[in-house]
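Listed here are the chains, written in short residue letters.
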2 protein chains.
Amino acid sequence: MENNSCIRQQADIKQINRCKDTVSELSESFDHLANGLSLVGNSVRLKILYLIFEEKRLCVCDLSDILGMNISAISQHLRKMKDRNLLKTEREAQTIFYSLTTEYSTLLNPFFEILDGNKILATT
Amino acid sequence: MENNSCIRQQADIKQINRCKDTVSELSESFDHLANGLSLVGNSVRLKILYLIFEEKRLCVCDLSDILGMNISAISQHLRKMKDRNLLKTEREAQTIFYSLTTEYSTLLNPFFEILDGNKILATT
DNA sequence: TTCTTATTTAAGCAAACACTTAAATACGTA
DNA sequence: TACGTATTTAAGTGTTTGCTTAAATAAGAA
């Protein structure tokens, strides 16, 4: 695994050490953020999140119809996002509605705005 | 693949159709954005991007030292990000420096700010 | 030209991922 | 209770990902 023999002639040792400190300091932050973003970095899940953002709440069945995908496949995507706290659920009789958690709707808002912008462009 | 038999008793047909329209309208935007985010949603690549953001530019060798990873592994991450236009390169003798493209540094700035915030918390 | 340094690329492999099918769970109604 | 609707979960499978090792490319120095 290790091959730290690559010490450039003019490598800036201070810079390297500063960076190493940053990485170890923020190690958990990197993992946590990357973890969340890896979920959003899938077009099916991004669609689901955006649709829920627009419609406030949707159930598996709705999403299955909208995306033309197997209910089971959608359910498994929803579960992942619920497990990592991007989504929360509320039951209403047999139907389970998914909505965004406040924590993540803030984080994801910039992306939804980008998509909203494209929507306007596409319509005109 | 299809199993669109799930038509809820009280499904909102108008809502479903509105959502279908949105999805087909923004189809490419979803793919493009998800594609970009899937790259950032990896802790090694997120670290690389943040370090380059902080230090303005870094080479494979630096990153290999900082992250304690194989040069080849880092190189392959960098290539992916260059291919999808998150990073650009400039050669200086034998050394190739990677830096953020303006297009993506804007998009990624919110995340870097989150990480900066955590850094302050971790330091105090 | 040959050697060293810096980096990329190709091939291989184990782990993670996304989807399918089928079975299980949960709630409501007859 | 038994049945229908809404949803989740488990198991299986093909594809993608991230890393390893080894070979290839590129530029400068001897």
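Look up a bit, the structure's there.
The rules behind the values
- As a convention, each chain's residues are numbered from 1 in the sequence order in which they are written.
- To read the labels, note that chains go from A and ligands from 1, taken in the order they are written.
- Confidence filtering applies because this is a predicted model: local features only for residues at pLDDT of at least 70, side-chain atom pairs given and counted only at 80 or more, and all residues used for totals across whole chains, interfaces and linings.
- Hydrogens and water molecules were not included; the side-chain quantities draw on all heavy atoms of the structure.
- DSSP bridges decide pairing: two strands pair if at least two such bridges lie between them.
- By definition, any uninterrupted DSSP run of H or I lasting at least four residues is a helix, any uninterrupted run of E lasting at least two residues is a strand, and each is numbered from the N terminus.
- The classification of residues rests on relative accessible area computed with a 1.4 Å probe and restricted to protein chains. Under 20% of the type maximum is buried, over 50% is exposed, and intermediate values are partly exposed.
- N or O atoms closer than or at 3.5 Å make up a polar contact, with two conditions inside protein: a donor-capable atom paired with an acceptor-capable one, and, for residues adjacent in sequence, both atoms drawn from side chains.
- In what follows, residue pairs with any heavy atoms lying within 4.5 Å of each other are defined as contacts.
- The criterion for a residue being near a molecule or strand is simple. One of its heavy atoms has to lie within 4 Å of it.
- Each residue is assigned to one class: nonpolar for Ala, Val, Leu, Ile, Met, Phe, Trp, Tyr, Cys and Pro, charged for Asp, Glu, Lys and Arg, and polar for all the others, Gly among them.
- The term salt bridge refers to a side-chain nitrogen of Lys or Arg lying within 4 Å of a carboxyl oxygen of Asp or Glu.

A. Representation of the sheet that holds strand β2 (residues 87–92) of chain B within the structure. All names here are of chain B. Taken in spatial order, the three strands make up an open sheet running β1-β3-β2, and their pairing is antiparallel. Edge positions in the open sheet fall to β1 (58–59) and β2, since each of these has one partner strand only. Direction of pairing for β2 relative to strand β3 (residues 95–100): antiparallel, over a ladder of six bridges. Bridge pairing in β3 links Glu92 to Thr95.

B. Region of the structure containing the side chain of Ser29(A). As for its placement among the helices and strands, Ser29(A) is situated in helix α2 (residues 27–40). The class for Ser29(A) is buried, based on a relative accessible area of 15%. Engagement of the side chain of Ser29(A) in a polar contact is seen with the side chain of Asn118(B), the distance being 2.9 Å. Contact partners of Ser29(A), with chain neighbours within four places excluded, come to Leu115(B) and Asn118(B).

C. A look at the protein's contact with DNA strand D. Taken together, 28 residues surround DNA strand D, and among them Arg79(A), Tyr98(A), Asn42(B), His77(B) and Lys80(B) come closest. What you see for DNA strand D is that sugar and phosphate hold 71% of its atoms within 4 Å of the protein. A distance of 2.3 Å separates a phosphate oxygen of DNA strand D from a polar atom in the side chain of His77(B). Those elements that place two or more of their residues in the surface near DNA strand D are α4 (60–67), α5 (71–83) and β3 (95–100) of chain A together with α3 (43–55) and α5 (71–83) of chain B. Residue composition of the surface near DNA strand D, by class: eleven nonpolar, twelve polar and five charged.

D. Structural view of the pattern of salt bridges. The final tally for this structure, using the stated rule, is nine salt bridges over all chains. For Glu92(A), the salt bridge is made with Arg57(A), and the minimal N-O distance between the two is 3.2 Å. Of this pair, Glu92(A) sits in strand β2 (residues 87–92) while Arg57(A) sits in the loop between α3 (43–55) and β1 (58–59), placing them 35 residues apart in sequence. Classification of Arg57(A) as partly exposed rests on a relative accessible area of 26%. Salt-bridge contacts for Arg79(B) lead to Asp83(B); the nearest nitrogen and oxygen are separated by 2.6 Å. In this pair, Arg79(B) and Asp83(B) both sit in helix α5, four residues apart, roughly one turn of the helix. Both residues of the pair, Arg79(B) and Asp83(B), belong to the exposed class.

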